[in-house]
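# Chains, contacts and geometry: an overview
Residues per chain are reported as follows:
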Amino acid sequence: PDVIEPPVALTCDDTMKDNFRPDSNTRVVLVRSFARGEPLTLGAATPNTPVAANDLCFVKLQIGPGNPGPEGAPSTSAGIGVEVWLPTFANWNRRYHALAGGDHLSTTAIGEANLAPSIAGGPEASVTSTTDTGHSDRTGSFAMLPDGTINETLWRDFSERAIHQMAVQTKALIEAYYLERPFRSYWDGFSTGGRQGAKLAQAYPNDFDGILA
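In this report, we go over the structure that sits alongside the text. Quick caveat, the model's predicted, so the values are computed rather than measured.

Criteria and thresholds
Here the residue numbering is sequential within each chain, running from 1 through the sequence in written order. With pLDDT at 70 or above as the cut-off, local features in this predicted model cover only qualifying residues; side-chain atom pairs require 80 or more to be listed or tallied, and sums for whole chains, interfaces and linings still use all residues. Hydrogens and water are ignored here; the side-chain numbers use all heavy atoms of the structure. Every helix listed is a DSSP run of H or I at least four residues long, and every strand listed is a run of E at least two residues long, numbered separately from the N terminus. One less than the number of residues in a helix, times 1.5 Å, gives the span that helix is expected to have. Here the bend at each residue means the angle between axes fitted to two seven-residue stretches, the one ending at that residue and the one beginning there. What makes a salt bridge here is a side-chain nitrogen of Lys or Arg within 4 Å of a carboxyl oxygen of Asp or Glu, nothing more. Note on classification: 1.4 Å probe, protein chains only; a residue is buried when its accessible area is under 20% of the maximum for its type, exposed when over 50%, partly exposed between these limits. Cysteine sulfurs are considered disulfide-paired once they come within 2.5 Å of each other.

Attention shifts here to helix 3 (residues 152-178). An α-helix turns once every 3.6 residues. As a result, residues three or four positions apart point the same way. Taking 1.5 Å per residue as the helical rise, helix 3 with its 27 residues ought to reach 39 Å, and the 36 Å between its terminal C-alpha atoms agrees with that figure. At F158, helix 3 is deflected by roughly 60 degrees, the largest bend along its length. One or two steps after helix 3, the chain reaches L179, where phi turns positive at roughly 60 degrees.

A side chain with one charge can pair with a side chain of the opposite charge if their charged atoms come near. For the coordinates displayed, the defined rule picks out seven salt bridges. Residues E160 and K199 are paired through a salt bridge, measuring 3.6 Å at the closest nitrogen-oxygen approach. Placement of the pair is E160 in helix 3 and K199 in helix 4 (residues 192-203), with a sequence separation of 39 residues. For E160, a relative accessible area of 16% puts it in the buried group. Judged by relative accessible area, which is 32%, K199 ranks as partly exposed. Here R181 ties to E175 by a salt bridge, and the two come within 3.5 Å at their closest N and O atoms.

What follows concerns the state of the cysteines. The tally for this structure, following the rule as stated, stands at one disulfide. The partner cysteine of C12 in its disulfide is C57, sulfur to sulfur 2.2 Å. The S-S bond linking C12 to C57 shows a torsion near 95 degrees; that makes this disulfide right-handed. On the criterion of sequence distance, the pair formed by C12 in the segment before helix 1 (16-19) and C57 in strand 2 (residues 56-63) is long-range, its members being 45 residues apart.

So, in structure tokens, the structure goes:
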């Protein structure tokens, strides 16, 4: 009989960019490992830069198709940005804890400060992920196209698709990285994240086992 080779787990380095392609719209744009005590930054550290509470793998995903348009227009988007923090296999609690987040498509900076690294590297030890919901504009201008019509693509990404895709692709990354599926998955969002959690419960009830909205 043919010999079936066992699956090989992804490693926390640039090989992940080629080895993790769950679908044609999703790609890894950056991978970075952080050792315990290392400053959590892609640039120069300052005295206020938080440090990793434990060893972590940091992965940035881009999920298309985005929304093409004029350069510099708030409605122009390369896709949904997702940042994932993975503890070591020995430390992982077999859970996935998703959070709301900020602008994640930059390959030179970690998205806005949030609890994700401490949740992944601290006592909870869950895999965490955050998403920019497909845009970097904070004024709401992304919702309109340059001609004044409604940007239906980015509105849908913002309201529901980004959180759903974050859940789907993060779970796929978890399985490829640990060769195990998460035992439980949770959404944790307040304000706009709370509204997104309520939408998730209606549109994608199987994405998470629990929703804190």
